[in-house]
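Take a look at the letters that make up each chain.
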Amino acid sequence: MLNPGRRTCLRALALTGIGLALTGCANLLDRESVRVTVVGLDPLPGELMEARLALKLRVQNPTESTVDYDGISVELDLRGSSFASGVSSEKGSIPRFGEALIAVPVSVSAFAVLRQVAGLASGNGINANTRIEYALRGRLASSGLGGGVRFASNGEMELPKGLIPR
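Residues numbered from 1 in each chain as written. Predicted model: local features only at pLDDT ≥ 70, side-chain atom pairs only at ≥ 80, totals over all residues. Heavy atoms only, no water.

### Quick look at the side chain of serine 88
Structurally, serine 88 can be placed in strand β5 (residues 81–88). For serine 88, a relative accessible area of 17% corresponds to the buried category. Here the side chain of serine 88 touches glutamate 90 through a polar contact of 3.1 Å, landing on its backbone nitrogen. Among all residues touching serine 88, those that are not within four sequence positions of it are Gly71, Ile72, Val104 and Pro105. (Helix = DSSP H or I, 4+ residues; strand = E, 2+ residues; numbered from the N terminus. Buried < 20%, exposed > 50% of the residue type's maximum accessible area, 1.4 Å probe, protein only. Polar contact = N/O pair within 3.5 Å; in protein donor to acceptor, adjacent residues only side chain to side chain. Contact = heavy atoms within 4.5 Å.)

### Comments concerning the pattern of salt bridges
Under the counting rule described, the total for this entry stands at 4 salt bridges. Glutamate 99 is the partner of arginine 58 in a salt bridge, and the nearest nitrogen-oxygen pair spans 2.9 Å. Of the two residues, arginine 58 sits in strand β2 (residues 50–60) while glutamate 99 sits in strand β7 (residues 99–109), which places them 41 residues apart along the sequence. Residue class for glutamate 99 comes out partly exposed when judged on its relative accessible area of 42%. Aspartate 77 is the salt-bridge partner of arginine 137, the closest N and O atoms lying 3.0 Å from each other. Placement of arginine 137 in strand β8 (residues 131–141) and of aspartate 77 in strand β4 (residues 72–78) is noted, with a sequence separation of 60 residues between them. Overlapping salt bridges, with partners in common, bring together Glu75, Asp77 and Arg137 in one network. (Salt bridge = Lys/Arg side-chain N within 4 Å of Asp/Glu carboxyl O.)

### Focus on unusual backbone geometry
Here the phi dihedral of arginine 79 falls at roughly 50°; this positive angle occurs in a residue that is not glycine. Tracing the backbone shows arginine 79 in the loop between β4 and β5. According to the relative accessible area criterion, arginine 79 is partly exposed, its value standing at 22%. Even without being glycine, phenylalanine 97 reaches a positive phi, approximately 50°. Inspection of the secondary structure assignment puts phenylalanine 97 in the loop between β6 (92–94) and β7. Assessed through its relative accessible area of 51%, phenylalanine 97 is described here as exposed.

Next up, the structure:
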């Protein structure tokens, strides 16, 4: 039978070992994130008070292992304002050092559309090439140990033809 002091010491060592093991596992899962850019927006059938768009994303995997996903969620801001959000239960894989195109249906409220059109009509935040600044956040979901891969990106995208009157 162990004395109480020795039992406490062994318990502390065991907890320290478990903590170190969990930290090691977390470091194994902490890999470089995917790179995601917006490559297009296509109209989808919508409702009266919302627009529906297919947000086309190019996802690049700069790691040495395949990224398997079984869902995606995104939030898109245009010119610093919340614009669209969406989810898809699409499943797929992005090979090591490879890329994939993923289309995610997103919803845009009528208010968000009006806010962007008003800003564009005033010439605020748009250049002559009909490009607009965006910020994108999201997650490729996975049922694996890591739970998925989060991503964020900023850039410029070309506006769909016909959005701005000439």
